[in-house]
Amino acid sequence: MRRVKDVIQTRMSRRSLLAGTAATAILAATGTVTPSLADEVNTTGLAVTDDTVQVGILHSVTGTMAISETGSVQAEKLAIEQINAMGGVLGRKIEYIQEDGASDWPTFAEKAKKLLVNDKVAAVFGCWTSASRKAVLPVFEQYNGMLYYPTFYEGLEQSPNVIYTGQEATQQIIAGIDWVSQEKGAKSFYLLGSDYIWPRTSNKIARKHIEKLGHKVVGEEYYPLGHTQFNSVINKIKLRKPDVIYAIVVGGSNVAFYKQLKAAGIDMTKEDPLLLTISVTEDEIRGIGGENIEGAYAAMKYFQSLDNENNIAFVKAFKEMWGDDVVIGDVTQAAYLGPWLWKAAVEKAGSFDIDKVRLSSPGIELTTAPEGYVRVHENHHLWSKTRIGRAQLDGQYELIYETAELMEPDPFPEGYQ
Amino acid sequence: MFADYTWTELGSIFAMQGFAGLILFSVFVLMALGLAIIFGQMGVINMAHGEFMILGAYVTYLCSNFVEAYFPSLFGVYFFFAMALAFVAAGSLGALVEWSLIRHLYKRPLDTLLATWGLSLILQQAYRSIFGAREVGVSLPNWLLGSVPLTDIIEIPINGIFVMVLTFVIAIGVYFILFRSRMGMQTRAVVQNRVMAGAVGINTQKVDRNTFALGCGIAGIAGSAFTMIGSTGPTAGQLYIVDTFLIVVFGGAASLLGTIASSFAISQAQSTMEFFLSGSMAKVLTLLTVVGILMIRPQGLFSLKIRR
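Residues numbered from 1 in each chain as written. Chains lettered and ligands numbered in written order. Predicted model: local features only at pLDDT ≥ 70, side-chain atom pairs only at ≥ 80, totals over all residues.

J.: How should I be thinking about the overall build of chain A in this particular structure?
T.: In terms of helices and strands, chain A carries 15 helices and 15 strands. Over its C-alpha atoms chain A spans a radius of gyration of 21 Å, differing by no more than 12% from the 22 Å that the globule rule assigns to 417 residues. In chain A, buried positions account for 57% of the 417 residues. Partitioning the contacts of chain A with sequence separation of at least 6, the portion at a separation of at least 24 is 71%. (Helix = DSSP H or I, 4+ residues; strand = E, 2+ residues; numbered from the N terminus. Rg over C-alpha atoms; globule rule 2.2 N^0.38 Å. Buried ≥ 20, exposed ≤ 12 C-beta atoms within 10 Å, placed from the backbone. Contact = placed C-beta atoms within 7 Å.)

Right, here's the structure in full:
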């Protein structure tokens, strides 16, 4: 760790030059700000001293969700290290308090309360599943905290106390379906998902959009979480012959699904049918195995293979801190944005007060995001591009397409309230 | 729903669907055999069954990495070594667990439930600490991937055939061990009357240990085979445990034949219903039926008359 810090420091000086030419928010951070007195920047008794500020990290590092959430924890710690190496936020070093949600939703709520009430942290970076977010939401609203939530999710939510740094469903889905119908001439879709709120809501949005384009949904199915036998549904898919299998399967089921699809003779590199997913990041491919998913398409906002300066630097720093064999998926990148967006909002407000940070958040831009430029919308979600990647044998995605414009976040699409 | 299809298409689909059911049947038998032996012969409810399976899966993972790195020429056949090693590893751990934990609890059968559940949590965290929280990818030899095309539409997954053959071999093996060998005779004697078996000179402690180890070892083989169709992660064992218990309880706790019959009934019912309904509804209906039948026949499909 100590060595890593040095490396980041030297790297950051190069980074800060780059950043200097960019957004004003970042410019403010590169060193010209004089530290203000603690009670001027903090009128509500948060854990802020003259040279430190405390934040919380709240993810599962034990239990089933540890698989997914580990990457987010790593990304948040990296961002905090880098921010500290640049001089911190309003001249104060960030110290983090990490709590373990243990894949258990009531535990998340309890730990959130502990972070806000006992530790009085200025912001919390955390949660992964919608269930955990729903569990902590009343706590954040009651005690007026600020949560940066990294996962792409189903939308239908907008809280004054949450900034959603992942995409909401419409951003991910609409661009993906437009792309397969325009570029691949897809006319019929088979929707498939694990049986809980995110896949169901997402498929509802997908179905509506597919039908709006005049195409057909030839099947829609849900399997219980943890389901491991997909032979019957694969037979059904073969019978219906859709142009596109639209898959939102999660967790251990994912691995079983792709292995059995391959074993049943559906070769995704031949695109007959084509498979489009919104639930498989590079993280999941590690478990599935590149040979089992090669040729599948994914629609999300970030792939580790993105070829831009920000991302190259990010991947390098991430690997220096966490080892060469880590992979970085969409959510990990979104988690990395959290501390940077918070820093920018705090510095724009000139205060750590939650209410002021909330007011200053909309319009915050990051030009240094690994995914490229993002901006916070009035509705607390991010404007971001959606990209299509194609899974490769080595477990990485090859970028095939990206939307020309930023997609506007629309957490409450018409007809879903 | 079939109006748009020709008869050949329908025929092919039903053939494939039948095959899917048979594969599911084999998978269920393989999952449940180990548990059925332990539960049926010893009355111990082994909640850590799934974790023994995952131990087998991790052994396979280590083998695949080792062989890939040092003996790439043997990669095509490593799977067989891996299964043997998985059997040995899970069986040894089983014997160790029996010696250190289970044998103290034979008089308190419900406590074994709690103790093995605790064991499953310990094992899960151990896997997480050793192999990391993320799932690992087990690379398989190429001949195990893909499918055999019989006609234009009918394609039979090779790993399905492999699991079927494996299940058949293991079921035959278990039959011989339990019904045609000295060890099996002793095991059955202990099940029927422990005190009497001891009185005629059978080392009942040793029999218990071997039975437990055998059950765990078979779980290890199952886990090894399931790397072909499922995920390998610290908590992946939990995916199997519910189905496994369902099969064993439904089949009748003390009967291996019952386990096979109930695997067949549940797998066929489930794969047929999954075809006509959605996956979640199929599961609900299967569970409802099983609950209904168990209310009428609480001892399960088959039961042995034994003196307790």
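Structure's up, so let's keep going.
J.: Looking at this structure, I do not really get the sheet that holds strand β7 (residues 216–223) of chain A. What am I missing?
T.: Working definition: the strands of a sheet are paired by backbone hydrogen bonds and lie parallel or antiparallel to each other. Residue and element names in this part refer to chain A. The mixed open sheet is built from seven strands, whose spatial order is β7-β6-β8-β9-β10-β14-β15. At either margin of the open sheet sits one strand with a lone partner, and together these are β7 and β15 (397–402). Sheet twist, expressed as the mean angle between neighbouring strand axes with direction ignored, is 25°. Examined bridge by bridge, strand β6 (residues 188–194) and strand β8 (residues 244–248) share five bridges and lie parallel to one another. The residue bridging Leu-192 from the neighbouring strand is Ala-247, located in β8. Most of the contacts of helix α9 (residues 231–240) go to β7, to which it runs at about 180°, and overall it touches β6, β7 and β8. (Pairing = 2+ DSSP bridges. Axes fitted to C-alpha atoms, helices over the stretch in contact; angles between N-to-C directions.)

J.: Explain the interface of chain B and chain A to me, please; I cannot follow it from the model alone.
T.: Much of the literature gives interface size as the accessible area that the parts lose upon coming together. Counting from both sides, the interface comprises 40 residues of chain B and, opposite them, 35 residues of chain A. Counting residues per element, the ones that place at least two in the side of chain B that touches chain A are α1 (7–42), β1 (147–149), β2 (155–157), α5 (158–179), α10 (256–276) and α11 (279–296) of chain B. It is α1(B) that contributes the most residues to the side of chain B that touches chain A, seven residues altogether. Here the side of chain B that touches chain A is composed, by residue class, of 19 nonpolar, 15 polar and six charged. (Nonpolar A, V, L, I, M, F, W, Y, C, P; charged D, E, K, R; others polar.)

J.: Explanation requested: the nonpolar core in the structure shown.
T.: Note that soluble globular proteins tend to have their nonpolar side chains buried in a common cluster. Counting residues in hydrophobic clusters, the biggest one holds 199 residues, and the most contacted among them are Val124(A), Tyr246(A) and Leu341(A). Element by element, the count of residues in this core is highest for α1(B), at 20 residues. Looking at which domains feed residues into this core, each of domain 1 (2–166 + 305–384) and domain 2 (169–300 + 389–402) of chain A gives three or more. The contact partners of Tyr246(A), leaving out residues within four places of it in the chain, are Phe189(A), Tyr190(A), Leu191(A), Leu192(A), Ala206(A) and Leu276(A). (Core = buried A, V, L, I, M, F, W, Y, C linked by C-beta atoms within 7 Å. Domains from an automatic or database assignment.)

J.: In this structure, what is going on with the domain arrangement of chain A? I would like to understand it.
T.: Residues and elements named next belong to chain A. Domain annotation of chain A identifies domain 1 (2–166 + 305–384) and domain 2 (169–300 + 389–402). Spacing between the C-alpha centres of domain 1 and domain 2 amounts to 31 Å. Taken together, the contact pairs 16 residues of domain 1 with 18 residues of domain 2. Within the residue set of the side of domain 1 that touches domain 2, elements represented by two or more residues are α4 (66–85) and α14 (330–349). Its residues assigned to classes, the side of domain 1 that touches domain 2 comprises seven nonpolar, seven polar and two charged.

J.: Got a minute to help me understand the environment of Ile156(B) in this structure?
T.: Relative to the helices and strands, Ile156(B) resides in strand β2. Excluding residues that lie within four positions of it along the chain, Ile156(B) makes contacts with Phe19(B), Ser147(B), Val148(B), Leu150(B) and Ile161(B).

J.: When you look at helix α4 (residues 109–131) of chain B in this model, what are you seeing that I'm missing?
T.: Note that an α-helix has 3.6 residues per turn; residues three or four places apart therefore point the same way. Spanning 23 residues, α4(B) covers 32 Å between terminal C-alpha atoms, matching the ideal 33 Å at 1.5 Å per step. Turning to α4(B), its buried residues number three or more, namely Thr112(B), Ala115(B), Thr116(B), Leu119(B), Ser120(B), Leu123(B), Gln124(B), Tyr127(B) and Arg128(B). In this structure, the buried residues of α4(B) make contact with α4 of chain A together with α2 (49–70) and α3 (78–100) of chain B. Just downstream of α4(B) lies Gly132(B), where phi reads positive at about 90°. (Expected span 1.5 Å × (residues − 1).)

J.: Sorry, what's going on with the environment of Val77(B) here?
T.: Residues and elements named next belong to chain B. Structurally, Val-77 is set in the loop between α2 and α3. By C-beta crowding, Val-77 is classed as exposed, having 12 other C-beta atoms within 10 Å. For the pair Val-77 and Val-67, spaced ten residues apart in sequence, the C-alpha to C-alpha distance is 9.8 Å.

J.: Please explain unusual backbone geometry as it appears in this structure.
T.: Both trends apply: most residues other than glycine have a negative phi, and most peptide bonds are in trans. Residue and element names in this part refer to chain A. Put simply, Asp-272 and Pro-273 share a cis peptide bond, and its omega is -5°. Locating Pro-273 in the fold gives a position in the loop between α10 (252–263) and β9 (274–277). Of note, Asn-144 is a non-glycine position whose phi angle comes to about 50°, a positive value. Considering the arrangement of structural elements, one finds Asn-144 in the loop between α6 (130–142) and β4 (147–149). Positive phi, close to 75°, is recorded for His-380, a residue that is not glycine.

J.: Help me understand the confidence of the model for chain A in this model?
T.: Parts of the model with low pLDDT should not have their predicted coordinates read in detail. Residues and elements named next belong to chain A. Per-residue pLDDT for chain A averages 88, and the proportion of residues at 70 or more is 90%. Looking across chain A, the model is least confident in helix α2 (residues 24–29), with a mean pLDDT of 43, and most confident in β4, with 97. Long-range and interchain partners of residues 1–32, a stretch whose pLDDT sits below 50, account for 42 contacts in this model, where long-range means more than four residues apart. (pLDDT = per-residue confidence, 0-100.)

J.: What exactly am I supposed to notice about the sheet that holds strand β11 (residues 365–366) of chain A here?
T.: All names here are of chain A. Strand order in the open sheet formed by three strands is β11-β12-β13, and the pairing between neighbours is antiparallel. Each edge of the open sheet is held by one strand with a lone partner, namely β11 and β13 (382–383). The pairing of strand β12 (residues 374–376) with β13 spans two bridges and is classified as antiparallel. From the neighbouring strand, Arg-375 faces β13, where its bridge partner is Trp-383.

J.: I'm lost on the confidence of the model for chain B in this one. Help?
T.: Residue and element names in this part refer to chain B. When pLDDT is averaged along chain B, the result is 87, and 96% of the positions lie at 70 or above. Of all the helices and strands in chain B, β1 carries the lowest mean pLDDT, 81, while α3 carries the highest, 94. Among the prediction metrics, the complex's ipTM stands at 0.80, with pTM recorded as 0.82.

J.: Just checking my understanding: could you explain the pairing of β9(A) for this structure?
T.: All names here are of chain A. Where β8 meets β9, four bridges bridge the pair, whose relative direction is parallel. Note on β9: the bridge partner recorded for Ile-245 is Leu-275. Read as a crossover between parallel neighbours, the route from β8 over α10 to β9 is right-handed. Bridge analysis of β9 against strand β10 (residues 297–300) gives two bridges, and the strand direction is parallel. Pairing of Thr-277 across the sheet is with Ala-298, part of β10. (Right-handed = clockwise from strand over helix to strand, strands pointing away.)

J.: Looking at this structure, how should I read the packing of α3(B) against helix α8 (residues 204–226) of chain B?
T.: All names here are of chain B. Where α3 meets α8, the axes come as close as 7 Å, and the angle between the chain directions of the two elements is 140°. Crossing handedness for the pair α3 and α8: right-handed. Of the residues contributing to the contact of α3 with α8, the split by class is 16 nonpolar, seven polar and three charged. (Left-handed = near helix turned anticlockwise from the far one by under 90°.)

J.: Sorry if this is basic, but what is going on with the packing of helix α9 (residues 238–251) of chain B against α10(B) here?
T.: All names here are of chain B. Where α9 contacts α10, the axes come no closer than 8 Å and their chain directions differ by 120°. On the basis of the axis angle, α9 is oblique to α10. Between α9 and α10 lies a crossing whose hand is right-handed. Mapping the contact onto sequence places Leu-246, Ile-247, Val-248, Phe-250 and Gly-251 in α9 and Gly-258, Thr-259, Ala-261, Ser-262, Ser-263 and Ile-266 in α10. Its residues placed into classes, the contact of α9 with α10 shows six nonpolar, five polar and no charged. (Parallel < 35°, antiparallel > 145°, perpendicular 65-115°, else oblique.)

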